[in-house]
Every structure is written in structure tokens, then in C-alpha cells.
Amino acid sequence: MPGHDHGPQIKNDELYEKLRDEGNSKEKSARIANAQAAHTLDHPGGTLESRSKDELYDEAKKIGIDKRSEMDKDELIHAIRDH
């Protein structure tokens, strides 16, 4: 489906299709494609490992990760990457 227009909700159709071809969910693909189009994909805080546990907790809360309050820093990093 190259060149397919996924509608106004998808801001970068090409990246969306690539992510879907790699096996990512529609939701995750849309979130990443839209973040890239809005230039918010790269966090100004650098790598996840360089962020504090509080920063990771806030990121996990923002993206809706359950049981984040029970996680240590490494678990938060893993949960964010897998979301």
C-alpha cells in the first residue's frame, strides 16, 4: 500500500507504513509517525538512561503505562521502550 493516504490523523504516511510493515500496531505506528512529523520524537533529555526516575515516571504517565509507580528506573525504561 505504498503511497496510501491514511487520512489527516496520520501526519507521515511513509513512516507509518514502514512501522506497520515492521509489525508495529496501528496505534504505535501512528504515534511515532505523528511525533516525527511534529519534530517531538527526540526528547531533549537525551537517552532514557540519562533521565532521572522522576522524568521517566512522568513520561510513563504521559503515555499511559500502567503500574508505573511500582517500577524502578530500569523497569520504567523497558516499559517506555516497549510501549
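Provided above is the structure to which this section pertains.
To start, this report covers the structure provided alongside it. (Residues numbered from 1 in each chain as written. Predicted model: local features only at pLDDT ≥ 70, side-chain atom pairs only at ≥ 80, totals over all residues. Heavy atoms only, no water.)

Secondary structure assignment for the chain yields four helices and zero strands. Secondary structure elements of the chain occur, N-terminal to C-terminal, as α-α-α-α. Evaluated residue by residue, the chain yields a buried proportion of 31% over its 83 residues. Considering only contacts in the chain between residues 6 or more positions apart, those separated by 24 or more positions represent 23%. Carbon and sulfur atoms provide 49% of the accessible area of the chain, an area that totals close to 6,000 Å². (Helix = DSSP H or I, 4+ residues; strand = E, 2+ residues; numbered from the N terminus. Buried < 20%, exposed > 50% of the residue type's maximum accessible area, 1.4 Å probe, protein only. Contact = heavy atoms within 4.5 Å. Areas by Shrake-Rupley, 256 points an atom, 1.4 Å probe, with all protein chains shown as cover.)

This next bit is on the environment of Ser29. Along the polypeptide, Ser29 turns up in helix H2 (residues 26-37). For Ser29, a relative accessible area of 0% corresponds to the buried category. Each C-alpha atom of the pair Ser29 and Tyr16 lies 5.2 Å from the other, and the pair is 13 residues apart in sequence.

Another point: the pattern of salt bridges. Scanning all chains against the criterion turns up four salt bridges. Across the pair Arg31 and Glu27 runs a salt bridge, and its minimum N-O distance is 3.1 Å. Here Arg31 pairs with Glu27, and both are found in helix H2, just four residues apart, close to one helical turn. Here Lys62 ties to Glu59 by a salt bridge, and the two come within 3.8 Å at their closest N and O atoms. Of the two residues, Lys62 and Glu59 are both situated in helix H3 (residues 53-63); the distance of three residues between them amounts to about one turn of the helix. (Salt bridge = Lys/Arg side-chain N within 4 Å of Asp/Glu carboxyl O.)

A few words now on the side chain of Asn24. Examined against the element boundaries, Asn24 turns out to sit in the loop between helix H1 (13-21) and H2. On the basis of relative accessible area, Asn24 is assigned to the buried category, the value being 16%. Engagement of the side chain of Asn24 in a polar contact is seen with the backbone oxygen of Leu19, the distance being 3.1 Å. The residues contacting Asn24, other than those within four sequence positions of it, are Leu19 and Ser29. (Polar contact = N/O pair within 3.5 Å; in protein donor to acceptor, adjacent residues only side chain to side chain.)

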